[in-house]
Each structure stands twice: as C-alpha cells, then as structure tokens.
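Working through the structure, step by step
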Amino acid sequence: EDQVTQSPEALRLQEGESSSLNCSYTVSGLRGLFWYRQDPGKGPEFLFTLYSAGEEKEKERLKATLTKKESFLHITAPKPEDSATYLCAVRDATSGTYKYIFGTGTRLKVLA
Amino acid sequence: EAGVTQFPSHSVIEKGQTVTLRCDPISGHDNLYWYRRVMGKEIKFLLHFVKESKQDESGMPNNRFLAERTGGTYSTLKVQPAELEDSGVYFCASSQGLAEEYFGPGTRLTVT
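Residues numbered from 1 in each chain as written. Chains lettered and ligands numbered in written order. Predicted model: local features only at pLDDT ≥ 70, side-chain atom pairs only at ≥ 80, totals over all residues. Heavy atoms only, no water.

1. Focus on the overall build of chain B
Of the regular secondary structure elements, chain B holds zero helices and eleven strands. Mapped from its N terminus to its C terminus, chain B presents α and β elements in the order β-β-β-β-β-β-β-β-β-β-β. In terms of overall dimensions, chain B is globule-like: its C-alpha atoms have a radius of gyration of 13 Å, near the 13 Å expected for 112 residues. Counting the 112 residues in chain B, one finds 46% classified as buried. (Helix = DSSP H or I, 4+ residues; strand = E, 2+ residues; numbered from the N terminus. Rg over C-alpha atoms; globule rule 2.2 N^0.38 Å. Buried < 20%, exposed > 50% of the residue type's maximum accessible area, 1.4 Å probe, protein only.)

2. Observations concerning the packing of aromatic side chains
Summed over the entire model, instances satisfying the criterion amount to 15 aromatic pairs over all chains. On the numbers, 6.3 Å between centres and 25° between planes, the contact of Tyr100(A) with Phe103(B) is stacked. Placement of Tyr100(A) in the loop between strand E9 (84–92) and strand E10 (101–102) and of Phe103(B) in strand E10 (residues 102–103) is noted, with the two residues assigned to different chains. The pair formed by Tyr100(A) and Phe103(B) is uniform in burial state, with each residue classed as buried. A network of ring pairs unites the aromatic residues Phe34(A), Tyr36(A), Phe46(A), Tyr100(A), Phe102(A), Tyr33(B), Tyr35(B), Phe45(B), Phe91(B), Tyr102(B) and Phe103(B) as a single cluster. Between the NZ or CZ atom of Arg22(B) and the centre of the ring of Tyr74(B), over which it lies, the distance is 3.8 Å. (Phe/Tyr/Trp six-rings, centres within 6.5 Å; stacked < 30°, edge-to-face > 60°. Lys NZ or Arg CZ within 6 Å of the ring centre and 35° of its normal.)

3. Examining the pairing of strand E8 (residues 70–75) of chain A
Regular strands place side chains that alternate from one sheet face to the opposite one. Residue and element names in this part refer to chain A. Burial of E8 is one-sided: the residues Ser71, Leu73 and Ile75 facing one way are buried, the residues Glu70, Phe72 and His74 facing the other way are not. Note: strand E3 (residues 19–26) against E8, six bridges, orientation antiparallel. Bridging across to E8, Cys23 finds its partner in Ser71. As defined by bridge partners, strand E7 (residues 62–66) adjoins E8 across five bridges and the pair is classed as antiparallel. Looking at E8, one finds that Leu62 is bridged to Ile75. As consecutive antiparallel partners, E7 and E8 are separated by three residues. (Pairing = 2+ DSSP bridges.)

4. Quick look at the state of the cysteines
Here, the word disulfide means a covalent bond between the sulfur atoms of two cysteines. Summed over the entire model, instances satisfying the criterion amount to two disulfides over all chains. Linked covalently through their sulfurs, Cys23(A) and Cys88(A) form a disulfide whose S-S length is 1.9 Å. Measuring the twist about the S-S bond at about -60°, one finds the Cys23(A)-Cys88(A) disulfide to be left-handed. Taken as a pair, Cys23(A) in strand E3 and Cys88(A) in strand E9 lie far apart in primary sequence, 65 residues in all. Judged on exposure class, the residue Cys23(A) and its partner Cys88(A) are both buried. Each sulfur in the disulfide pair Cys23(B) and Cys92(B) lies 1.8 Å from the other. (Disulfide = S-S within 2.5 Å.)

5. Describing the pattern of salt bridges
Residue and element names in this part refer to chain B. On inspection of all chains with the given rule, the structure shows nine salt bridges over all chains. One salt bridge connects Arg22 with Asp24, and the closest N-O pair in it is separated by 2.8 Å. Since its relative accessible area comes to 33%, Arg22 is described here as partly exposed. (Salt bridge = Lys/Arg side-chain N within 4 Å of Asp/Glu carboxyl O.)

6. Digging into the side chain of Gln38(A)
Note on placement: Gln38(A) falls in strand E4 (residues 30–38). Using a relative accessible area of 10% as the deciding quantity, one classes Gln38(A) as buried. Polar contacts involving the side chain of Gln38(A) include one to the main-chain carbonyl oxygen of Lys42(A), which spans 2.7 Å. The residues touching Gln38(A), leaving out its near neighbours within four places in the chain, are Gly43(A), Pro44(A), Ala84(A), Thr85(A), Leu87(A), Arg37(B), Ile43(B) and Phe91(B). (Polar contact = N/O pair within 3.5 Å; in protein donor to acceptor, adjacent residues only side chain to side chain. Contact = heavy atoms within 4.5 Å.)

7. Considering the interface of chain A and chain B
Tallying the contact residues gives 20 residues for chain A and 21 residues for chain B. Buried surface at the junction of chain A and chain B, summed over both partners, amounts to about 1,600 Å²; 58% is from carbon and sulfur atoms. The largest contributions to the chain A side of the interface with chain B come from Tyr98(A), Lys99(A) and Phe102(A), which together make up 31% of the buried area. For the interface between chain A and chain B, the tally reads one salt bridge. With a closest N to O distance of 3.1 Å, Arg91(A) and Glu101(B) form a salt bridge. Viewed at the interface, chain B and chain A are joined by eight residue pairs in polar contact (both at pLDDT 80 or more). Contributions of two or more residues to the side of chain A that touches chain B are made by E4, strand E5 (45–50) and E9 of chain A. The biggest single contributor to the side of chain A that touches chain B is E4(A), with four residues. Residue classes in the side of chain A that touches chain B are distributed as nine nonpolar, seven polar and four charged. (Buried area = accessible area lost by both parts, 1.4 Å probe. Nonpolar A, V, L, I, M, F, W, Y, C, P; charged D, E, K, R; others polar.)

Following this line, the structure appears as structure tokens:
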C-alpha cells in the first residue's frame, strides 16, 4: 500500500537556523513527488515537483532533493515568514490514476 | 490569472441536512480533484474528473456524496444527508495533465 510519512511533526527554529524536513515514501512506481506549503486557513501552495532520484530543485531559501526512498526539504537561513505547514505528496505510476497521496505535514515555526 | 476558487468558505449544517460545495478550477485545466482533510489527519483524495468525466472516484466515502462537473467547467460536491463524520475541510484542485495540482482555499464543513 502506498504510504507517505513526514518528520518531524513539528519544528521550531530560530531565525537563520538551517534545518531539513523529511518525507519518506513507499509507492510501487513514483510518478512525481510534490512539495507544498500551507498557511493557516488557506489551501496548499505548490513549491516543487521531483521525478527521479538525484533530482534537486531550489527556490529562494528552499531546496528539495529526492532519493529512491525519501525526499528532503532543506531550509537555509529561515525567516519568520517561512513559518507554515509543509506537505509532501506522491503520485503512484502503477495505480492508473493521478491522485495525490499526502503525508500529514511538518509544522514549521521560525522565531525572530 | 485567477486561481482555484471554492464556495462557500465555511458551512455549518445540522446532521441530516444537505450541503453543496462548489469549485471553479483554473481556466483551461481539464483535471479537477476533490480532497478532504479531517481533523488531525492527512489530506485524502476523494475523486478526479477529466473534463466532465469521472476518472477515479475510489476515495468517495459512500453514496451520500455526489460529485458533478457540468460541461467540464466548475464542479459541485453534494453531501446528502450529512453526518457528523463528514466534518472537515474540503479542498478542490486542478491541473494540466500530469503537472502539479493547484489548490483552492478549501471549504470548512461543520456538521452539528
């Protein structure tokens, strides 16, 4: 059964303190791993798509990487405005469907 | 360009009543998805439309839920009759083919 696990559940960082969020997945055939940011009361906001092991994507202070079993979202020198819940989702190539399978997310709080 | 919109933003109904949620996808996106997040759980897939056709409805909980997509444009999700366990946040998303999905702000449904 397809499964996505995110860790840690919650993370508190001081402004400027770099860290990484983890997304471990089990799927029969990966058809994309997606990172989203979600602010309270809003819908998930797309950040990155990764398709194959070794792939990396960057945007401002965020960098996403992918291996055959997990993905990391690295946050370099975070600012308070980076505080949000970060969600990971995968698509399974063998399911014949486009649906996302989500993890429960990591709640990030960056303190000034 | 307008994003995905959902209406209403919040609905409070009594058990046994009917509620209809609406989603307007991004113009030109043939793929439309419904998801639900129940308190404390991950976002879960409900169903997927390609234009006006249901591609995958494997996530629909039971026959109290009915989704339609008129003319391949906007979509409605009706819950009839609503039960307490239907409470949660309902998200709609749209995409171009296998590209990333763009989410609406969600409708928070409370069944009392």
